[in-house]
Amino acid sequence: MNSLLKISRYISLSRCLRPACRLLNISAITSKYVDEPDYIKFTKPQVPVYERLNIQMKAYDYTVLEHYAKHVHKIAHNMDFEVSDAWATPHQAWKVTNHEPNTTKVSSECVLNKYERNIQITNLPAYCASTFFEIIQSSLPMGVFVSIHPHEEQHSEIRYIPDFELIVLKKQLEELVNPDDAKK
C-alpha cells in the first residue's frame, strides 16, 4: 500500500510540474515510474509535419523588408515553431530608363534594388500551418512579396556571393596540375 501511495503522489506531482518545466525549458523528471502505458502513444493520431519550409520575402524598400522579416521571425518564435535558419541574399539591381515619346532619347534613369530575406522553419505541424500563413498574409505590408515553398539546395547556394578571382585561380591551378586535361 505504501508503494502505491508513493506512485500516486509522484504521478500527481509530475503532472503539476509539466507546464512549469516547459516554461523553464527543463527536461522532464525521470524516474522508474511511468504515467502512461507504452501502447497509448500508438493510439494518438499521427500529425503530419512540413520538414523544412522557406518563407521568402522580397521588396524594393530595405527598411520595410527588414522590419517585416523580424516580425515574421517573432511570430514563428511566439507560436513555438522551430526557426532553424534565417538569411539574407545579395540584392538584385536593375537599371531602368524612361524614354521620351516616339524617340530613343532617355528622359530619366534610375536603379532599382530588390532585396530578399528568408526564414526557414522546420517541423511545422500541418494543423498550425494555415493559421501561421494567414497571420503572415494579414500583416503583409504594401510592397513586400511573400512566397512559401519547400527547401531546395539552390536556396542555400544563392545566398553566397561568388568570388570570381578565386574561381580563376582554381582554374589556373587545375591547368598547372593536370596540363593534359586543360588541352582537351
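Provided above is the structure to which this section pertains.
It should be emphasised that the depicted structure is a prediction, and the values quoted were computed from it without experimental measurement.

S.K.: Describe the packing of helix 3 (residues 62-78) against helix 4 (residues 126-138), and please don't skip the residues or the numbers.
M.R.: Relative to each other, helix 3 and helix 4 sit at 155 degrees, their axes nearing to 11 Å. Taken together, the axes of helix 3 and helix 4 lie roughly antiparallel to each other. Both helix 3 and helix 4 take part in a crossing whose hand is right-handed. Along its contact with helix 3, which presents Y68, V72, I75 and A76, the element helix 4 presents F132, I135 and I136. Tallied by class, residues from the contact of helix 3 with helix 4 come to seven nonpolar, no polar and no charged.

S.K.: Lay out the environment of R117 with the relevant residues and their values.
M.R.: Looking at the secondary structure, you find R117 in strand 3 (residues 106-125). On a C-alpha basis, the gap between R117 and K70 in space is 9.9 Å, while along the polypeptide they are 47 residues apart. Residues in contact with R117, not counting those within four places in the same chain, are I55, Q56, M57, Y62, L65, E66, A69, W87, A88 and T89. Side chain to side chain, R117 and E66 meet in a polar contact 2.4 Å long.

Scoring rules and cut-offs
- Residues numbered from 1 in each chain as written.
- Predicted model: local features only at pLDDT ≥ 70, side-chain atom pairs only at ≥ 80, totals over all residues.
- Heavy atoms only, no water.
- Axes fitted to C-alpha atoms, helices over the stretch in contact; angles between N-to-C directions.
- Helix = DSSP H or I, 4+ residues; strand = E, 2+ residues; numbered from the N terminus.
- Parallel < 35°, antiparallel > 145°, perpendicular 65-115°, else oblique.
- Left-handed = near helix turned anticlockwise from the far one by under 90°.
- Contact = heavy atoms within 4.5 Å.
- Nonpolar A, V, L, I, M, F, W, Y, C, P; charged D, E, K, R; others polar.
- Polar contact = N/O pair within 3.5 Å; in protein donor to acceptor, adjacent residues only side chain to side chain.

Distances and angles like these do not, on their own, reveal function.
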